[in-house]
Number of protein chains: 2
Amino acid sequence: MAVIGCGLIGASTALAARMAGTVGAIAVADANPDHRARIVELGFADLVTDSIALAVAEADLVIFAVPVLAMGHAAAEAAAHLKPGATVSDVGSVKGSVSEALRASLPDHALIIPGHPIAGAEQSGPGAGFAKLFDKHWVILTPEPRQDAAYLGAVAALSEFWTATGAMVECMDAAHHDLVLAITSHLPHLIAYNIVGTAADMEDVTRAEVIKYSAGGFRDFTRIAASDPTMWRDIFLSNKEAVLEMLGRFTEDLQALSRAIRWGEGDKLFDLFTRTRDIRRGIVDAGQESPEPNFGRDRDKH
Amino acid sequence: MAVIGCGLIGASTALAARMAGTVGAIAVADANPDHRARIVELGFADLVTDSIALAVAEADLVIFAVPVLAMGHAAAEAAAHLKPGATVSDVGSVKGSVSEALRASLPDHALIIPGHPIAGAEQSGPGAGFAKLFDKHWVILTPEPRQDAAYLGAVAALSEFWTATGAMVECMDAAHHDLVLAITSHLPHLIAYNIVGTAADMEDVTRAEVIKYSAGGFRDFTRIAASDPTMWRDIFLSNKEAVLEMLGRFTEDLQALSRAIRWGEGDKLFDLFTRTRDIRRGIVDAGQESPEPNFGRDRDKH
């Protein structure tokens, strides 16, 4: 396997594959010399290089883990050096633009299966990677509409690669992926970034006060707003249409809420707040989240 | 001590006080018969009644823990039955309107010290209460500008009441409190409610998909959007000016972001995302949050 771009996600992919025993040798390419030094230190790769050509030369599976706007360039560097029939995938958070970039740059013999593991952590860089990152997380693959045996076999093998890391795999159309992620991930991140920025610009409330009293709700947003700036800049620029569509809907709904508050329409507020509790219950019931801990409640009672 | 209104916060206040040993008898009043039955079961109150008059009759400290729009009414019921020199406080998330409501309804001899413990949990009702809710959380008191010894003594005693629960106490002006909480708590909640609502209204993305792929950021918002609908309706209606001001700023900033995305202004996006990381670091450094766990990272390396 070759991992091209070895930050949090790339490194975790390599570590997860090693732990699952699904790959033999792992070659890693990264443009950042500090990253390469760290990866050598960490010892999970057999080859660490700044040359994409070198990294992909022997690989049956190539995973591009660079920021999504860098995918095309990275693919172009790999193109002439890919093994015939190699599977080429990625881990980018946007699938439409990445699929196009890969298809435009890679030779016809490559079996291109774009992918996206829905997982992350606050820290960045290869040292932040860990094998369990994908455990019990979803990985979405957006295969091309090919029905030939070689391609379908590659999709099956890639699915097994990911399920061996503990992940669950789902296949869908790239455009649908980008819409789903726009509402479940990209818009939430944008909103979190925005509210932290708005708070930082307050003249009458100090940053220290915002930090001090952040347990009231703000703190949850700051965690999301600490996500990697490069990765997220690229995501918003690459998934522009879907994000702007979501943003439009979100803002319309927010203006309706603002109006209800201004005119004291308590029932409208109450109805929305009750409706949203159901969605939360849906997530807890689906086993996607534990109900909040018991906080020693039983102990307090007589 | 009398606790008037005994949901999550009221019950936790009673349990925390009992555990700290700071009060003798605890009287609880609640209008909801199911709540009263549960409180009797739980056994942390010496008197459980639907009569506010009865509950406050012997109390040196009265804590109003009803939804903020119900404060005035509850105070009016208590007024004639308060012990002379009793301290009257509350736990409401809005201080300006609550202070006015209390002052308007209560007799001059009452020592009114509005308060707000910045703490909460997902569940509602008295059964959800627990003693450690306030541990290491901030409690804001908004005392009146009185300098007489009796009042100052009461503020000191109330501060000690809260520090005994593990909380840290800060005093400030009621209007300032409402502004701080508008940005650190009220607006985040409004945004979370809104985004969950927007997602629920999508025609092309199913609710099941939203739930399934919510690990990407959406999940964090749903936790906040499961907060008690009555409590939050009252908060938005009571802190209208500050919330609408914050909403206005937030929306202006969001439109600027939307513009940057539409016109591909990557630098503007990158700058904001880098700026917001600093605020997150501020929270971690202030010890208000642990850095994310190590996820077994060391174990994975050679």
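Just so we're clear, the structure is a prediction, and the values are computed from it rather than from any experiment. Along every chain, residues carry numbers that run from 1 in the direction the sequence is written. Chain labels run from A onward and ligand labels from 1 onward, assigned in the order the entries are written. Local features in a predicted model are, by the rule used here, given only for residues with pLDDT of at least 70; side-chain atom pairs are given and counted only at 80 or more, and totals for whole chains, interfaces and linings are based on all residues. Water and hydrogen atoms play no part in the side-chain values, which are based on all heavy atoms of the structure.

## Some thoughts on the interface of chain B and chain A
With 113 residues of chain B in contact, the opposing surface of chain A contributes 113 residues. Accessible area, probed at 1.4 Å, shrinks when two parts are joined; the buried area is that loss added up over both. Surface buried jointly by chain B and chain A totals about 10800 Å² across both partners, of which 66% is contributed by carbon and sulfur atoms. Salt bridge, as applied in this entry: a Lys or Arg side-chain nitrogen positioned within 4 Å of an Asp or Glu carboxyl oxygen. Counting across the interface, chain B meets chain A through eight salt bridges. Note that A:Arg223 is salt-bridged to B:Asp220, the shortest N-O span being 2.4 Å. Polar contacts here mean pairs of N or O atoms no more than 3.5 Å apart (in protein, one a potential hydrogen donor and the other a potential acceptor; neighbouring residues in sequence count only if both atoms are side-chain atoms). For the pair chain B and chain A, the interface holds 28 residue pairs in polar contact (both at pLDDT 80 or more). Looking at the side of chain B that touches chain A element by element, the count peaks at 20 residues for helix α7 (residues 174-200) of chain B. When residues are grouped by polarity, Ala, Val, Leu, Ile, Met, Phe, Trp, Tyr, Cys and Pro land in nonpolar, Asp, Glu, Lys and Arg in charged, and all others, Gly among them, in polar. Considered class by class, the residues forming the side of chain B that touches chain A number 56 nonpolar, 29 polar and 28 charged. We call two residues in contact whenever any of their non-hydrogen atoms come within 4.5 Å of each other. Strands here are runs of E lasting at least two residues and helices are runs of H or I lasting at least four, both read from the DSSP assignment and numbered beginning at the N terminus.

## With respect to the domain arrangement of chain A
Residues and elements named next belong to chain A. The domains assigned to chain A are domain 1 (2-172) and domain 2 (176-264). Computed over C-alpha atoms, the centres of domain 1 and domain 2 are 29 Å apart. Taken residue by residue, the interface counts 16 residues in domain 1 and 15 residues in domain 2. Of the roughly 1200 Å² buried at the junction of domain 1 and domain 2 (both faces included), carbon and sulfur atoms supply 68%. Of all residues in domain 1, the largest losses of buried area upon contact with domain 2 belong to Leu69, Ser93 and Glu122, amounting jointly to 36% of the total for that side. The interface formed by domain 1 and domain 2 holds zero salt bridges in total. Residues belonging to the side of domain 1 that touches domain 2 are distributed by class as follows: eight nonpolar, six polar and two charged. Boundary definitions for the domains trace back to an automatic or database domain assignment.

## Observations concerning the sheet that holds strand β8 (residues 138-141) of chain A
All names here are of chain A. For two strands to be treated as a pair, DSSP must find no fewer than two bridges joining them. Pairing in this open sheet of three strands is mixed, and the strands run β7-β8-β9 from one edge to the other. Of all the strands in the sheet, just β7 (115-117) and β9 (168-171) have a single pairing partner and so form its edges. Across the sheet, the axes of successive neighbouring strands diverge by a mean angle of 20°, strand direction being ignored. In this structure, β7 lies alongside β8, joined through three bridges in antiparallel fashion. What sits directly across from Gly115, in β8, is Leu141. To obtain each axis, a line is fitted to C-alpha atoms, and for helices this fit is confined to the stretch in contact; angles are then taken between N-to-C directions over 0 to 180 degrees.

## Some details on the relation of the copies chain B and chain A
In summary, the two copies of the chain are related to each other by a rotation about an axis coupled with a shift along it. The superposition of copies rests on a least-squares fit of C-alpha positions from residues with pLDDT of 70 or more in both. For the pair chain B and chain A, the superposition axis carries a translation of 0.0 Å, the fit reaches an RMSD of 0.0 Å, and the rotation angle comes to 180°. When the rotation and shift are considered jointly, the pair of chain copies conforms to a two-fold rotation axis. Measuring from the rotation axis to each C-alpha of chain B, the shortest distance belongs to B:Asp220, at 3.4 Å. Here 100% of the interface residues in chain B have copies in chain A that are interface residues too; the copies meet face to matching face.

## Things to note about the pattern of salt bridges
All chains considered together, the criterion is met by 30 salt bridges over all chains. For the salt bridge of A:Asp201 with B:Arg275, the shortest nitrogen-to-oxygen distance reads 3.2 Å. Here A:Asp201 is found in the loop between α7 (174-200) and α8 (207-212), whereas its partner B:Arg275 is found in helix α12 (residues 266-285) on a different chain. Its relative accessible area of 38% is what places A:Asp201 among the partly exposed residues. For B:Arg275, a relative accessible area of 32% gives the class partly exposed. Salt-bridge contacts for B:Asp46 lead to B:Arg18; the nearest nitrogen and oxygen are separated by 3.0 Å. Taken as a pair, B:Asp46 in the loop between α2 (33-42) and β3 (47-49) and B:Arg18 in helix α1 (residues 8-20) lie far apart in primary sequence, 28 residues in all. Via salt bridges that share partners, A:Lys132, A:Asp135 and A:Lys136 belong to a single interconnected network. The cut-offs for exposure are 20% and 50% of the maximum accessible area for each residue type, with area from a 1.4 Å probe on protein chains only; residues under the lower value are buried, those over the upper are exposed, and the others partly exposed.

## Some details on the packing of aromatic side chains
Pairing of aromatic side chains here covers Phe, Tyr and the six-membered ring of Trp, requires ring centres within 6.5 Å, and sorts the geometry by plane angle: under 30 degrees stacked, over 60 edge-to-face, intermediate tilted. Per the stated rule, a full pass over the model turns up 13 aromatic pairs over all chains. Ring plane angle 55° and centroid distance 5.7 Å describe the contact between A:Phe273 and B:Phe236, whose orientation is recorded as tilted. Here the residue A:Phe273 occupies a position in helix α12 (residues 266-285), and B:Phe236 occupies one in helix α10 (residues 229-238), the pair thus bridging two chains. Taken individually, A:Phe273 and B:Phe236 each receive the classification buried, so the pair is uniform in this respect. Ring centres of B:Phe134 and B:Trp162 lie 5.0 Å apart, and the angle between their planes is 75°; this geometry places the pair in the edge-to-face category. On the criterion of sequence distance, the pair formed by B:Phe134 in the loop between β7 (115-117) and β8 (138-141) and B:Trp162 in helix α6 (residues 149-163) is long-range, its members being 28 residues apart. A residue is classified by how much of its surface remains accessible, and B:Phe134, at 0% relative accessible area, is buried. A relative accessible area of 1% means that B:Trp162 is categorised as buried. An aromatic cluster of at least three residues, connected via ring pairs, comprises A:Tyr193, A:Trp232, A:Phe236 and B:Phe273. Only lysine NZ and arginine CZ atoms are considered, and such an atom sits over a ring when it is within 6 Å of the ring centre and within 35 degrees of the ring normal. Over the ring of B:Trp138 we find A:Lys212, and its NZ or CZ is 4.5 Å from the ring centre.

## Some words on the packing of helix α10 (residues 229-238) of chain A against α12(B)
Packing of α10(A) against α12(B) leaves a shortest axis separation of 9 Å and a crossing angle of 140°. Judged by the angle between their axes, α10(A) and α12(B) are oblique. Judged by the sense of rotation from one axis to the other, the crossing of α10(A) with α12(B) is right-handed. Along the contact surface, α10(A) presents A:Pro229, A:Thr230, A:Trp232, A:Arg233, A:Phe236 and A:Leu237, while α12(B) presents B:Gly266, B:Leu269, B:Phe270, B:Phe273, B:Thr274 and B:Arg277. Tallied by class, the residues present in the contact of α10(A) with α12(B) amount to seven nonpolar, three polar and two charged. Here the angle decides the label: under 35 degrees means roughly parallel, over 145 means roughly antiparallel, 65 to 115 means roughly perpendicular, and every other value means oblique. We call a crossing left-handed when the near helix sits turned anticlockwise from the far one by less than a right angle, and right-handed when that turn is clockwise.

## Considering the sheet that holds strand β1 (residues 2-4) of chain A
All names here are of chain A. Spatially, six strands are ordered β3-β2-β1-β4-β5-β6 in an open sheet, and the strand pairing comes out parallel. Each of the sheet's edge strands pairs with one partner strand only, and the pair in question is β3 (47-49) and β6 (111-112). Pairing of β1 with strand β4 (residues 61-64) involves three bridges; the strand directions are parallel. Bridging from a neighbouring strand, Ala2 pairs with Val62 of β4.

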